[in-house]
Amino acid sequence: MSSIRVAVRIRPLPDMSSPSKSNIQKHGCVSTLLDDETFLQVSSGGSETTGSDADEQKYDYVFPPSSTQSKLYENTAKRVVLASRDYSRDGTIFFYGQTGAGKSYSCFGDILKAGNAASDENGVVVRGIRDLFEEEGVQRSVSFYEIFKERVYDLLATTKASKNVGAKLPSLNVRTHPTKGSWIEGAAEIDVDSADACIDAVRKGFKQRAIGSTAMNEQSSRSHGVVRLKNVRKTKGKTPIITYLTFVDLAGSERQTDAKTTGERLKEASSINKSLSTLGSVIFALGKSGNDREHVPFRDSKLTLLLKNSLDPATCETCVVVNVSPCPKQYFETTSTLKFARRVKMIKGTAGAKFDAGPNPEVADLVKEIGRLKMELSSKGQEEAKVDHKGAAEKDLQIKQYARRIEELSSSTEETSNRFRAKAIEDNFIAKLHNATIKDLLLKLQGQNPDPNFDDLATLCEEIDVLRRKTDLPNPEIGFWRMKYEESVSDNSEVKSLRAVNETIANEKQQLQQQAETAQALMAKNQATSASNETAAAREAERQIKSLQDNLESLENRLDGTTKANQTLSDNNAQLKSHLNAATIQAAKLEHEMSQVSVASTHDKKDLEDTKAQVTKHLATIKMGKELVAKLKRNHEEEMTQLQTELFEQSENLVRSKDESDNDLKVKLAAAFKDNAVLVQRLKSITDERDSTRSQLENAATTIETLETNLSSARKDVESEMMEREAGHKKRTNELEAENARAYERADKWERIAEENTTKIQTLTSEVKRLTKKRSDDAFELENLQEDMDTMTSNVKYLQGENQELEEIIIRLENMQQGLDAGMSDPLEQREEEEEEEEEEEEEEEEEASPNPEDLLMEQRARQVLEEATLNLPPSPPPVETSVYEDALPDENVLPDEYTESGGCVSKNEAVVGVSRQTRRSILGDLPDNE
Ligand SMILES: Nc1ncnc2c1ncn2[C@@H]1O[C@H](COP(=O)(O)OP(=O)(O)OP(=O)(O)O)[C@@H](O)[C@H]1O
């Protein structure tokens, strides 16, 4: 059985002082030890070592504030990821803690910013995805859900609503199946063929994730974020193996009072609390095994229902990263978070399991070691090929053989681990079956059958023995593969050749050492002899010494070279040896691991053994009773009778107790029946409800259908009406367009005419201006003439007055004459006088009719002015239509009346002539028109 690993990560605080130099590292209200990465102490204050309320605990790993993202991953989640990748196990990693303690940071890191392979800030998800994708040939898909207020939302949905970040997404249902597990109905599973594609999808979901705010953290996630990777491994001719790797960024675990939550936020908080406490209950229930395992409340929250198949420690690797804040103000939150961590740690099988050597990572290490050896071998082969051309082909062959052997070995290891895994599952299954059988038998023993069925018991014992043998005996397969491995190691010709080279070098080294020693002895001898004489023998000796010294030097050089070569070879040899040792150790570990899993499987069957012990105990009790009876029978009859009575009583008691237990059972059975009846009733009501809902749905569907039909016919009507209206509208538009065109034409025409008229008006206006000026000139001239005429008129009047005076004088003279005549003249004379008077009158008349020289002068002058005026006149303008000019002409005052008479058809010359005539008439009196 796997264990749940619990790691605690302490987040850094901005104002945190640097760690003390002592072994105890104090960070706010928590302390860690420098040399123990599992120790954690939390205290509300007190001294640096232990506060009065100090609470010390050990966890699987404690990460101080300075620890990196990489260290967190390597020591927690990597194991789960590798188990999922290399051993097809489900894996789940939780991030638990109060708001702002660093859950999202640990889980996602800076996924929005980087997510590239090299970033130090990459969280567990990005690192896990990259490690997972190192294995090729597996079909993978990713999902990202959010569980908010017990509603599940798909963060990778591609619906219309999801296109806007933060838009309201539809909530989805969790579905479960006994064999297929749990899934979200209608949720997207994005197929991903590379780590980058997978990280991109997660990044998209992360953006979509709803963010709320509380008084404690401005952008606090109030939801659980679940990233799920589905791995489908296909093997030829077999059903594909499906596993899930799940990362869960849980919602903040803070207490409601501290978060100052009210109203909607309070509801959120209670939903979060409920789902977190359900998660705890499920983990604890799953931690129990066999008969101890009670009902697991998966259905109590959406989160646990979704993770139903990814939480069981028997089939899944689980890790909980607990994030805490060292801030003294958060002391109570931190202690309550750590309480959860301790409870998880206490789950059976987890205590003290500091990332113990489980089966999977060891095999993974072995696989890695093989890879490393392969690489080393190939690089070594390349090096040697350069140095030793002669044996290159041979070495190449050896290397190839060795590589093939390693290949075989690694595939064998894989095969073994697969078989081993299958076997573990099989064993687990058998154990479960046995457990059920034992339970059955126990029930039979305790209840209905007072005499145990010894045949059943014997079968059971036999089965238990077989099972034990199966699990306890060393696995023959392991032996076989180990033997094969050792063979491959001992067969290695390269190792042999290296050993031979090593021996040769050792021999050579020995020889060289001997030569050196001889040379040294000779040198000593020479020194002794050279001091006493300088003979030829001595010189000869010196020469010899010299040559020996040279030899020695060359030998020493050679020795140096050989020693170096030897050193290199022995290093290589040692390395190879250590690799071989490591490989042998790995093989031993593999065996150990297999036996451990067997032990784990045995552990699973502990309940089975317990049950067996109970059965044996019952049997022993019964046996003891029987022995007692036999013993008593051997005693005297009274005792026998008494004992028989006692026995009878005992039997009665037994029978009574049996009856009681029967009654108990009956009561329980009745209760069970009752429960059953209630359940049946509930089922019935649920079925009824379902039926009624179904019928309602059907009705609704019918209604919808009818509505749709109505809607479509209404739509058709509207469409036809629309078409008609559109046609009418089109026609009217055409008409209007035509009319419009005509209006445009008219407007153009009028515009043209207006332009022409404007030009004409301009011409006329200038003409009128000129004429007006002329008229004013003429008027001035006329005024002068008028003045002259006035002068003449006054002259005439003066002359007339004089004339009148003269006439009066004449009349008086005549009267006087008449008076005189009347007194002295005859009728003849009178008649002669009358005739004379008549002649005078005639003369006067003639005198009056003959022109006065002054008058003649005047008339001459008037004629001259009139001629001048006539000569200065412009040529007469063409006749114009009155209708065109009517509006454009200035008012009637501009031209004299005559100009507009007779329908405006009077020419200018005529008008002027008219004026001249009038002037003349006023000057000269009534002249005939022809003048
Ligand atoms: N170990 C750490 N190193 C550096 N920064 C950290 C660490 N832990 C947390 N932080 C920073 O603290 C802030 C809060 O962290 P984070 O959002 O991960 O908290 P949380 O527990 O997920 O809160 P919530 O429940 O609101 O999501 C972030 O800005 C994050 O970068």
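As annotated in an unreviewed UniProt entry, the protein chain carries the name Kinesin motor domain-containing protein and is attributed to Triparma laevis f. longispina. According to its UniProt record, the protein chain has this under Sequence similarities (unreviewed entry): "Belongs to the TRAFAC class myosin-kinesin ATPase superfamily. Kinesin family."

(A) Broad picture of the overall build of the protein chain. Each helix and strand in the protein chain was counted, giving 20 helices and 16 strands. A burial count over the protein chain gives 34% of its 931 residues as buried. For the protein chain, the proportion of contacts with a sequence separation of at least 24, taken over those separated by at least 6, is 71%. In the structure as shown, the protein chain presents an accessible area of about 58000 Å², 53% of it carried by carbon and sulfur atoms.

(B) Quick peek at the site of the ligand. Near the ligand lie 15 residues; those nearest to it are Arg11, Gly100, Lys103, Ser104 and Tyr105. Interatomic distance of 3.5 Å between a backbone N/O atom of Gln98 and an oxygen atom of the ligand. Within the backbone of Ala101, an N or O atom sits 3.1 Å from an oxygen atom of the ligand. Relative to its unbound accessible area of 620 Å², the ligand is 73% covered by the protein chains. A class-by-class count of the residues in the shell around the ligand yields 3 nonpolar, 9 polar and 3 charged.

(C) View of the packing of helix H3 (residues 124-132) against helix H4 (residues 195-208). Here H3 crosses H4 at 155°, and the two axes come no closer than 9 Å. Classified by the interaxial angle, the pair formed by H3 and H4 is roughly antiparallel. Judged by the sense of rotation from one axis to the other, the crossing of H3 with H4 is right-handed. Of H4, the residues touching H3 (which contributes Val125, Val126, Ile129 and Arg130) are Ala195, Asp196, Cys198, Ile199 and Val202. Grouping the amino acids of the contact of H3 with H4 by side-chain chemistry returns 7 nonpolar, no polar and 2 charged.

(D) The packing of aromatic side chains, seen in detail. Applying the stated criterion across every chain, the model contains 5 aromatic pairs. Relative to Phe206, the ring of Phe108 has its centre 4.7 Å away and its plane inclined at 55°; by these criteria the two rings are tilted. Remark: Phe206 occurs in helix H4 and Phe108 occurs in helix H2 (residues 103-108); sequence separation between them is 98 residues. Aromatic rings pair up to connect Phe108, Phe144 and Phe206 into one cluster. A cation over an aromatic ring shows up here: Arg140 above the ring of Phe133, its NZ or CZ 5.0 Å from the ring centre.

(E) View of the UniProt feature "binding site: ATP" (unreviewed entry) in the protein chain. UniProt records the feature "binding site: ATP" (unreviewed entry) for Gly97, Gln98, Thr99, Gly100, Ala101, Gly102, Lys103 and Ser104 in the present numbering. According to the relative accessible area criterion, Thr99 is buried, its value standing at 10%. Within the secondary structure, Gly100 is located in the loop between strand S7 (90-97) and H2. By relative accessible area, which is 30% here, Gly100 ends up partly exposed.

(F) Quick peek at H3. With 8 of 9 residues buried, H3 lies mostly within the body of the structure. Within H3, burial applies to Val124, Val125, Val126, Arg127, Gly128, Ile129, Asp131 and Leu132.

(G) Looking closely at the packing of helix H1 (residues 69-87) against H3. Put simply, H1 and H3 touch, their axes get as near as 9 Å, and they point 40° apart. In terms of orientation, H1 lies oblique with respect to H3. The interaxial crossing formed by H1 with H3 has right-handed handedness. From H1, Gln69, Ser70, Leu72, Tyr73, Ala77, Lys78, Val81, Ser84 and Arg85 reach across to H3, where they touch Val124, Arg127, Gly128, Asp131 and Leu132. Taken together, the residues that form the contact of H1 with H3 break down as 6 nonpolar, 4 polar and 4 charged.

(H) Quick look at a nonpolar patch on the surface. A cluster of nonpolar side chains, Leu806, Ile809, Ile810, Leu813 and Met816, forms an exposed patch at the surface whose accessible area comes to about 440 Å². Positionally, Ile809 belongs in helix H15 (residues 637-824). Owing to a relative accessible area of 34%, Ile809 belongs among the partly exposed residues under this scheme.

(I) A look at the confidence of the model for the protein chain. For the protein chain, mean pLDDT is 70; residues scoring 70 or higher make up 51% of the total. By mean pLDDT, helix H19 (residues 897-904) is the weakest element of the protein chain at 39, and strand S13 (residues 190-192) is the strongest at 94. Under a pLDDT of 50 for its full length, residues 873-931 has, in the predicted model, 49 contacts with residues more than four places off or in other chains. Overall fold confidence (pTM) sits at 0.42, and the ipTM for the predicted complex is 0.96.

(J) Layout of the pattern of salt bridges. Tallied over the entire structure, the rule returns 15 salt bridges. Residue Glu134 is joined to Arg85 by a salt bridge in which the shortest nitrogen-to-oxygen separation is 3.4 Å. Of this pair, Glu134 sits in the loop between H3 and strand S8 (139-148) while Arg85 sits in helix H1, and the two are 49 residues apart along the sequence. Through salt bridges with shared partners, a single network forms among Arg5, Arg79, Arg89 and Glu317.

(K) Representation of the side chain of Gln69. Structurally, the position occupied by Gln69 is in helix H1. A relative accessible area of 3% places Gln69 in the buried class. Beyond its immediate sequence surroundings of up to four residues, Gln69 is in contact with Arg9, Tyr105, Ser106, Gly109, Asp120, Glu121, Asn122, Gly123 and Arg127.

(L) Examining H1 more closely. If you check H1, its first and last C-alpha atoms are 25 Å apart, about what 19 residues at 1.5 Å a residue would give, namely 27 Å. Of all bends in H1, the biggest is about 55°, found at Ala77. For H1, a buried count of 14 out of 19 residues is recorded, marking the element as mostly surrounded by other parts of the structure.

(M) View of unusual backbone geometry. Although it is not a glycine, Lys149 adopts a positive phi angle of roughly 50°. Here Lys149 is to be found in the loop between S8 and strand S9 (151-154). At Glu150, a position not held by glycine, the phi torsion is positive, near 60°. Positionally, Glu150 belongs in the loop between S8 and S9.

(N) Highlighting the environment of Phe247. Among the structural elements, Phe247 can be located in strand S15 (residues 241-249). Take Phe247: its relative accessible area is 1%, and that puts it in the buried class. C-alpha of Phe247 to C-alpha of Phe108: the two residues are 139 residues apart in sequence and 9.6 Å apart in space. Setting aside residues no more than four positions away along its own chain, Phe247 makes contact with Ile93, Cys107, Val124, Val125, Gly128, Gly225, Val226, Val227 and Leu229.

(O) Broad picture of the pairing of S7. Summarising burial for S7: 8 of the 8 residues are buried, a large majority. Burial along S7 is two-sided: Asp90, Thr92, Phe94 and Tyr96 and Gly91, Ile93, Phe95 and Gly97, pointing in opposite directions, are all buried. In this structure, S7 lies alongside strand S16 (residues 316-324), joined through 8 bridges in parallel fashion. Each bridged residue has a counterpart across the sheet, and for Gly97 the counterpart in S16 is Asn323. One ladder, built from 5 bridges, connects S7 with S15; its direction is parallel. Within the sheet, the bridge partner assigned to Phe95 lies in S15 and is Asp249.

Cut-off values and rules
Residues numbered from 1 in each chain as written. Predicted model: local features only at pLDDT ≥ 70, side-chain atom pairs only at ≥ 80, totals over all residues. Heavy atoms only, no water. UniProt positions renumbered as here; feature names shortened; annotations may be inferred. Helix = DSSP H or I, 4+ residues; strand = E, 2+ residues; numbered from the N terminus. Buried < 20%, exposed > 50% of the residue type's maximum accessible area, 1.4 Å probe, protein only. Contact = heavy atoms within 4.5 Å. Areas by Shrake-Rupley, 256 points an atom, 1.4 Å probe, with all protein chains shown as cover. Near = heavy atom within 4 Å. Polar contact = N/O pair within 3.5 Å; in protein donor to acceptor, adjacent residues only side chain to side chain. Nonpolar A, V, L, I, M, F, W, Y, C, P; charged D, E, K, R; others polar. Axes fitted to C-alpha atoms, helices over the stretch in contact; angles between N-to-C directions. Parallel < 35°, antiparallel > 145°, perpendicular 65-115°, else oblique. Left-handed = near helix turned anticlockwise from the far one by under 90°. Phe/Tyr/Trp six-rings, centres within 6.5 Å; stacked < 30°, edge-to-face > 60°. Lys NZ or Arg CZ within 6 Å of the ring centre and 35° of its normal. Patch = residues over 30% accessible without salt bridge, like charges linked within 9 Å, V, L, I, M, F, W, Y side chains within 5 Å. Salt bridge = Lys/Arg side-chain N within 4 Å of Asp/Glu carboxyl O. pLDDT = per-residue confidence, 0-100. Expected span 1.5 Å × (residues − 1). Bend = angle between axes of the 7 residues up to and from the residue. Pairing = 2+ DSSP bridges.

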